[in-house]
Structure formats: C-alpha cells, structure tokens
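Results of the structural survey
Chain by chain, the residues:
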Amino acid sequence: MLKGGVIMDVVTPEQARIAEEAGAVAVMALERVPADIRAQGGVARMSDPELIQAIVESVTIPVMAKARIGHFVEAQILEALGVDYIDESEVLTPADEEHHINKHDFKVPFVCGCRNLGEALRRVAEGAAMLRTKGEAGTGNVVEAVRHARTVYSEIRRLQNLDANELYTAAKNLQAPYELVQQVAEMGRLPVVNFAAGGIATPADAALMMQLGVDGVFVGSGIFKSGDPERRARAIVEATTHYNDPELLAQISKGLGEPMVGIEISTLPQEQLLAGRGW
Amino acid sequence: MTAGILALQGDFCEHEAILQRLGVPTQQVRLPKHLDLVDRLIIPGGESTTIGKLLVRFDLLEPIRQRAGRDLAIWGTCAGAILMARTIIGGIDGQPRLGLMDMAVRRNAYGRQVDSFEAALPVAVFGQPPVHGVFIRAPIIESVGADVTVLAEVPGQQGVVAAQQGRHLATTFHPELTGDDRFHRYFLEL
C-alpha cells in the first residue's frame, strides 16, 4: 500500500538501502537517474536485469522498474524478474510510437505517466493500476508536475458539473472510454491512485504536490543528485506526511545541504522534452 | 467517542470514510497532540518500515504504547498488524514496532506484489457470510501467545490472518478496501 508515501529512484543496492532507511515506501531500480539519461543522451532502455535483481534482494520494500513505452517484452522480462510494479515510462526512449503496452496481459501492476485526464484514462483503460504525473523528469523543476496535476484535477472537477447527457461529448473530447469518464464524474476522483513525479527536488515541492491533491510522490534525480541524500530523502518523506503543517515543514526543510541543480524548462530544446512521449 | 486513524502513510482515508459512514467522529493522528483527542486508534495498511520510522521521528511510539496500556483500543490492518506484533520476522534491522500483541508476524509472507490475492474468510464471531479478504503483499501471523484469540484463518492455509488480544486487534488484510464494515463495527465495540 503506497498511498501517502515516497518512491525513490536508486541506481545501486546501497542507494536502495539508504532509501528504505529514510522511509521510502518503494524504490525504482534504474541504471541511470533521469538527470543522467538527459545529460548522456542516446537510447535509454530497460536496466540490466542483474542490477534490478541485486536491488530486489537488498530491500524489503517493493521494487519498481521501468520498461519503454510499448515494449511489452521488456515488461515480460521485468515480470519474470519478480519486480513489484512496472513503470511504462517516457523517461526511456519509446519503443512504439502508437501503442502502449496492453497491461491487461500482465499480472504485475503497472504505473504510467499522464499530463491530463484523457491520457490518464487511456492508460487506465489499457490496464494501468496506478498513475503519476509526467512532470519533466531529470530537471529538478517542479513546474511541469504542477501543470499536469492541476490539469488532471481541474478536468475532474469540470466533469462533476456536467449532466449525464454532456458526459458523452466529454468522453469524446477527452478521447477516453465513456464508462471511465462516467465513473470519474460520479466519484470525483480517478479510479486508481495518482502520484506526483518529475522535477520534485525539495520537501516543499513534495508538500506542494500533496496539497494539489496527489496520493504520493516519486522522487527521481532529486535525492541522489543532491548534496546530502540521506537527510534530503528523510525530509521529503516527512514532508509528504506533514504536507499541511507549515510550521513543521519549516523545521523539516532546514539545513538539507545543496539541492540538485535545476534546469529552466524553457531553455530545453523541444526534442529533449520527455513529457511529450506517449499518446 | 472519537476514533483516531494514524495518518503517517497508507490508506488512512479509506478507514476514515468507513468510520464516517458509521457516524463516528474521526481524527487523523500525525503528532502526539492528536493522540490526546482520540479514544481508539486504527493503524492502516501501508509500508510498516515507513510508518514505524515516522512513529519514532514524530515521538508517537511511546505515547501510543502508554495509552495502549491504559485506555486506548488499537487495531492494526496489514502493515498495522506488523507494527502490533511483539516479534517481526523478515523485518529490517531495528525496525520500530508497537509490540502490543503477543504474536509473531512475518512480513511479505506470500511473496511479492504479484502474489497478492483475495479469499473468502470464515469469521466465527460474525457468522455468515464470510468476510472478503484482500491480501496485498500481506504479512501472516505465524504464531500467537496464550492471551491472543484467533479470529480468522485462510481456509486450507497455515497461519492466522485476524487475531485479538483484549482491546487490541490485528488483521493482515484490508477490510477498509471492501464494502464490508463488520470489522470496523467490531472494533468500535471493543
């Protein structure tokens, strides 16, 4: 049960143990964090199974791993390795420019990225058990995660104000299955949990996303690209719990050392933006 | 009567929604000051290592233990059941726990996420129909002391999935994720 928790990107068993010790509810096993994928370029693929296995064996909390969008064989391999969740991730280079993985074919649950409600519901229709905002991974800049979370939740609020006749057109405009649109309008929330991801670098970023309404937080490059990963990891876990308590957030945010260096997203060339991947 | 839900991490909102549906005033417990406002406490499903560490960091562990010995009924579900156990098998070194029930609980007893399952659980104190048990990376109660009453087992499987010791309750599954509120009503009577 991951709700209200923090999921941390790790590239070694040692980092996975630091994350567990800090109070992470799960880790994402990777060869390179998004900031390095961004810096090094080239095709980013599923990580080496040996590394994933070593991380699985090093902690008692759930382990996630990333497959490329549409690469169902990478997903089959990750399922065979016994990972607890697969992230079909735009951070890796897409393997299919039209189709996402049919996630109903798998027993292992999937998490997928979304920028808006239509994208979120298309992923749920394909079998995703969990969603996350895409944000703009590896930038240490929370602005895109905020945009995606605000978009999803305001679209949900809008649906709640439509009458039954208008929901058909809403489904058409969202390019999402009518049944899911109707369900969201009725419940006033997504059918699965939605975490924040992409650019979260400080305890305040985590609390901001929680106050905007997400169910939990992914931190990618933000922890192990910072000056003092242990303290920052612990502080982000604490801020995710006490996201509504400014006095406590002030305490939690003190003396954490250098955060990761951020990137102003408008300075990135269009082809280096990751959030646009996926359809 | 106000029912508290430990709100450090996990599915505390689901528990709170059921209690509110039953007309019980609720209070989310994140700090010691919140504990003073409640007469009973639910520890939700989540990650037991995470909840345990936050219990220590925000000075809740000892106050809860003290209240438990005095006047606080406590119910742990899934991760909460692990925190209630005197002995944790498969935990991390020095994993914090409340240790309020005389039982040994094994973490991730059924395996990994893909080994999660659902099962019909006969519970004698409720009669028919059986409870629908949702087990997510669930623990199991491997052994119980003389003062602990077994409430439920999965038919055909070793081990206990619901147990009671005085006013303390442990379930290794998630009653808060089903529409069945019998465990919640049972706890409110303790």
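Structure first, text after, so check above.
Quick caveat, the model's predicted, so the values are computed rather than measured. Throughout, a residue's number is its position along its own chain's written sequence, starting from 1. Labels are handed out in written order, letters beginning with A for the chains and numbers beginning with 1 for the ligands. Local features in this predicted model are restricted to residues whose pLDDT is 70 or higher, and side-chain atom pairs enter the listing and the counts only when it is 80 or higher, whereas totals over whole chains, interfaces and linings include all residues. Note that water and hydrogens are dropped before the side-chain values are worked out from all heavy atoms of the structure.

**Describing the overall build of chain B**
Helix and strand counts for chain B stand at six helices and twelve strands. Oriented by its inertia axes, the alpha-carbon framework of chain B measures out at about 45 × 40 × 35 Å. The 190 residues of chain B split such that 61% are buried. Whether two residues touch is decided by their heavy atoms; if any such pair falls within 4.5 Å, the residues are in contact. Put simply, of all contacts in chain B between residues at least 6 apart along the chain, 64% involve residues at least 24 apart. Note on areas: Shrake-Rupley, 1.4 Å probe, and residue coverage restricted to the protein chains presented here. If you sum the accessible surface of chain B, you get close to 7,100 Å²; carbon and sulfur atoms cover 49% of it. Only four residue types enter the charge count: Lys and Arg as positive, Asp and Glu as negative, with His and the chain ends excluded. Throughout, a charge is located at the NZ atom of Lys, the CZ atom of Arg, the CG atom of Asp or the CD atom of Glu. The distance from the centre of the 18 positive side-chain charges to the centre of the 20 negative ones in chain B is 4 Å. What counts as a helix is a DSSP run of H or I of at least four residues, what counts as a strand is a run of E of at least two, and both are numbered from the N terminus. Burial classes: relative accessible area under 20% of the type maximum marks a residue as buried, over 50% as exposed, and values in between as partly exposed (1.4 Å probe, protein chains only).

**Digging into the sheet that holds strand β1 (residues 3–6) of chain B**
All names here are of chain B. Spatially, β2-β1-β3-β4-β12-β11-β10 is the arrangement adopted by the seven strands of the open sheet, whose pairing is mixed. Since the sheet does not close on itself, it has two edges, and those belong to β2 (26–29) and β10 (149–152), each with one partner. Averaged over all pairs of adjacent strands, the angle between strand axes in this sheet comes to 20°, irrespective of strand direction. Pairing of strand β4 (residues 73–77) with strand β12 (residues 168–171) involves four bridges; the strand directions are parallel. By the bridge assignment, G76 is partnered in β12 with A170. Pairs of strands are assigned from DSSP output, requiring at least two bridges between the strands. Each axis is a line fitted through C-alpha atoms, and for a helix only the stretch in contact is used; angles between axes span 0 to 180 degrees, taken between their N-to-C directions.

**A look at the pairing of strand β8 (residues 127–135) of chain B**
Residue and element names in this part refer to chain B. As paired elements, strand β7 (residues 117–123) and β8 share six bridges and run antiparallel to each other. Considered in β8, the bridge of A120 is made with H132. A loop of three residues connects β7 with β8, the two strands running antiparallel in sequence.

**Comments concerning the packing of aromatic side chains**
Residue and element names in this part refer to chain B. Any pair of Phe, Tyr and Trp rings, taking the six-membered ring for Trp, is counted once the centres come within 6.5 Å. Such a pair is stacked with planes under 30 degrees apart, edge-to-face with planes over 60 apart, and tilted for the rest. Inspection of every chain in the model, using the stated rule, returns twelve aromatic pairs over all chains. Relative to F135, the ring of F117 has its centre 4.6 Å away and its plane inclined at 5°; by these criteria the two rings are stacked. Here F117 is found in strand β7, whereas its partner F135 is found in strand β8, with 18 residues between them in sequence. Classification of F117 as partly exposed rests on a relative accessible area of 21%. For F135, a relative accessible area of 1% gives the class buried. Both rings, one in F126 and one in F183, keep their centres 4.8 Å apart while their planes meet at 80°; by these two values the pair is edge-to-face. Placement of F126 in the loop between β7 and β8 and of F183 in helix α6 (residues 182–189) is noted, with a sequence separation of 57 residues between them.

**What about unusual backbone geometry?**
Residues and elements named next belong to chain B. A cis amide bond, omega -10°, links Q128 with the succeeding residue P129. In this structure, P129 sits in strand β8. The backbone of D59 sits at a positive phi, close to 55°, despite the residue not being glycine. The topology assignment puts D59 in the loop between α3 (48–57) and α4 (61–70). Although it is not a glycine, N108 adopts a positive phi angle of roughly 45°.

**Structural notes on the sheet that holds strand β6 (residues 101–106) of chain B**
All names here are of chain B. With respect to topology, three strands assemble into an open sheet ordered β5-β6-β9, the strand pairing being mixed. With one partner strand each, in any of the chains shown, β5 (85–89) and β9 (140–144) form the two edges of the open sheet. Taken pair by pair, the neighbouring strands of this sheet meet at an average axis angle of 30°, ignoring direction. Where β5 and β6 come together, four bridges link them in parallel fashion. Within β6, the residue paired with I89 across the bridge is R106.

**Focus on the pattern of salt bridges**
What counts as a salt bridge is simple: a side-chain nitrogen of Lys or Arg found within 4 Å of a carboxyl oxygen of Asp or Glu. All chains considered together, the criterion is met by 26 salt bridges over all chains. Ionic pairing is found between A:D84 and B:R137, a salt bridge with its closest N-O pair at 2.8 Å. With A:D84 in the loop between α4 (72–81) and β4 (85–89) and B:R137 in the loop between β8 and β9, this residue pair bridges two chains. Between B:E62 and B:R65 there is a salt bridge; the shortest N-O distance is 3.5 Å. In this pair, B:E62 and B:R65 both sit in helix α4, three residues apart, roughly one turn of the helix. Take B:E62: its relative accessible area is 43%, and that puts it in the partly exposed class. Overlapping salt bridges, with partners in common, bring together A:K66, A:D87, A:E90 and A:R132 in one network.

Such coordinate-based values are descriptive only and should not be taken to indicate function.
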